[in-house]
Amino acid sequence: MANPSGSPRATTVADPAMLFHEVSGEGPPVVLLHGLAGSGRWWAKNIDALMARFRIYAVDLAGFGGSRRLGRFRLDEAVASLIAWMDSAKIVRASVVGHSMGGLVAARLAAEAPDRVDRLILVDAAFLTFEPGKTKLALGLLRSFWSMQRDIILLLTRDSLRAHPLSLGFATLDLLATDWRPMLSRIRAPTLIIWGEHDTLTPESIGRQIAASIPDARLVFIPGAGHNAMLDRPDAFNAEVIAFLG
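Residues numbered from 1 in each chain as written. Predicted model: local features only at pLDDT ≥ 70, side-chain atom pairs only at ≥ 80, totals over all residues. Heavy atoms only, no water.

Counting secondary structure elements, the chain contains ten helices and eight strands. Approximately 10500 Å² of the chain is accessible, and the part contributed by carbon and sulfur atoms is 57%. (Helix = DSSP H or I, 4+ residues; strand = E, 2+ residues; numbered from the N terminus. Areas by Shrake-Rupley, 256 points an atom, 1.4 Å probe, with all protein chains shown as cover.)

Right, dumping it as structure tokens:
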């Protein structure tokens, strides 16, 4: 990733019990959580803008990217893993940004450990049980894939190959089977929901239902963006995040 600002950036490889992460910049802590088959590299177009104001932690969830060695990913274990990592990294409280599957993890962290989350940003969060139906999901996935930019398809392919062999399968099953809607009303952190205007994988109806379920949440749509709003329209995305986090 480029670093034109000259602010501190260092790659940190955790001890065997920790999550791989990259640390950038100085200021209030902000944790970035990637989606299914992803890694911290999915924030490549956002880190330079955000690190000018915040200390950014781009985390690879267990079973993905640099955290592949920690074994397969399970959604119901992700929050405990993240809290253990925050403790080890001496992060008492942070703002948390979660994309797609990472949005589920971020939302559950905010609901179950409210003292650890300052502000919450959910980006095209994969609350798939809001829109049940395997056929509809499969069609949305195909449309989403074919509408991706070439560099995003290459990134997805590389990160899929880097993932633990069982992580993709178990994570997909967890996404389809887990209904976390009841937890949303327990979130008390100020919440911004960012949605790609043309997201076909998690359509705007999901974003609207999430916004209606979290007290005082605000929903914004990124014009021209699909499921990966932070990569599709990084300038607009970065501006929304910076304005919300202050």
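For the pair helix H2 (residues 75-88) and helix H3 (residues 101-112), the least separation of the axes is 9 Å and the interaxial angle reads 65°. One finds that H2 runs roughly perpendicular with respect to H3. You can see that H2 and H3 cross each other, and the crossing is right-handed. When H2 is examined against H3, the residues Leu 75, Asp 76, Ala 78, Val 79, Leu 82, Ile 83 and Met 86 are found in contact with a partner set consisting of Met 101, Leu 104, Val 105, Arg 108, Leu 109 and Glu 112. Counted by class, the contact of H2 with H3 contains ten nonpolar, no polar and three charged residues. (Axes fitted to C-alpha atoms, helices over the stretch in contact; angles between N-to-C directions. Parallel < 35°, antiparallel > 145°, perpendicular 65-115°, else oblique. Left-handed = near helix turned anticlockwise from the far one by under 90°. Contact = heavy atoms within 4.5 Å. Nonpolar A, V, L, I, M, F, W, Y, C, P; charged D, E, K, R; others polar.)

Attention shifts here to the pairing of strand S7 (residues 191-196). Each regular strand shows side chains that alternate between the opposite faces of the sheet. With six of its six residues buried, S7 lies for the most part within the structure. Taking every second residue as pointing to the same face, both faces of S7 are buried, with Thr 191, Ile 193 and Trp 195 on one and Leu 192, Ile 194 and Gly 196 on the other. As defined by bridge partners, S7 adjoins strand S8 (residues 218-222) across five bridges and the pair is classed as parallel. Each residue of the ladder has a partner; that of Gly 196, found in S8, is Ile 222. (Buried < 20%, exposed > 50% of the residue type's maximum accessible area, 1.4 Å probe, protein only. Pairing = 2+ DSSP bridges.)

We describe a pair of aromatic rings using the distance from one ring centre to the other and the angle between the two ring planes. Scanning the model with the defined rule gives two aromatic pairs in all. Judged by centre distance (6.4 Å) and plane angle (35°), the ring pair of Trp 43 and Phe 237 falls under tilted. Here the residue Trp 43 occupies a position in the loop between strand S3 (29-33) and helix H1 (47-50), and Phe 237 occupies one in helix H10 (residues 234-245), the gap between them amounting to 194 residues. Its end group placed over the ring of Phe 244, Arg 119 keeps NZ or CZ at 5.0 Å from the ring centre. (Phe/Tyr/Trp six-rings, centres within 6.5 Å; stacked < 30°, edge-to-face > 60°. Lys NZ or Arg CZ within 6 Å of the ring centre and 35° of its normal.)

Burial of strand S4 (residues 55-59) is extensive: four of the five residues sit out of reach of the surface. Direction of pairing for strand S2 (residues 21-24) relative to S4: antiparallel, over a ladder of four bridges. For His 21, the partnering residue across the bridge sits in S4 and is Val 59. Here S3 runs beside S4; their pairing, made up of five bridges, is parallel. In the sheet register, Val 30 faces S4, and the bridge partner there is Ile 56.

Below, the discussion takes up the confidence of the model for the chain. In this model, the chain carries an average pLDDT of 82, and 73% of its residues clear a pLDDT of 70 or more. pLDDT under 50 marks residues 1-16. Its contacts with residues more than four places away, or in other chains, come to 40 contacts. For the stretch residues 137-142, pLDDT sits under 50, and the model shows six contacts to residues farther than four places along the chain or on other chains. (pLDDT = per-residue confidence, 0-100.)

Below, the discussion takes up H3. Taking 1.5 Å per residue as the helical rise, H3 with its twelve residues ought to reach 16 Å, and the 17 Å between its terminal C-alpha atoms agrees with that figure. Inspection of H3 places Met 101, Gly 102, Gly 103, Leu 104, Val 105, Ala 106, Ala 107, Arg 108, Leu 109, Ala 110 and Ala 111 among the buried residues, and these make up the whole buried set. (Expected span 1.5 Å × (residues − 1).)

Core analysis: the largest hydrophobic core is formed by 45 residues, its most contacted members being Leu 33, Trp 85, Val 105, Phe 127 and Ile 210. Here the element with the most residues in this core is H3; it accounts for eight residues. Ranked by size, the runner-up nonpolar core spans 26 residues in total, among them Ile 47, Phe 54, Phe 244 and Leu 245. (Core = buried A, V, L, I, M, F, W, Y, C linked by side-chain atoms within 4.5 Å.)

This brings us to the environment of Ala 49. Tracing the backbone through its elements, the reader meets Ala 49 in helix H1. For the pair Ala 49 and Val 241, spaced 192 residues apart in the sequence, the C-alpha separation amounts to 9.9 Å.

With that out of the way, let us pick up unusual backbone geometry. The phi angle at Ala 37 is positive, at roughly 65°, despite the residue not being glycine. The residue Ala 37 is located in the loop between S3 and H1 in this model. In this structure, Ser 100 is a non-glycine residue whose phi angle is positive, near 55°. Looking at where Ser 100 falls in the secondary structure, it is placed in the loop between strand S5 (94-99) and H3. Its relative accessible area of 8% is what places Ser 100 among the buried residues.

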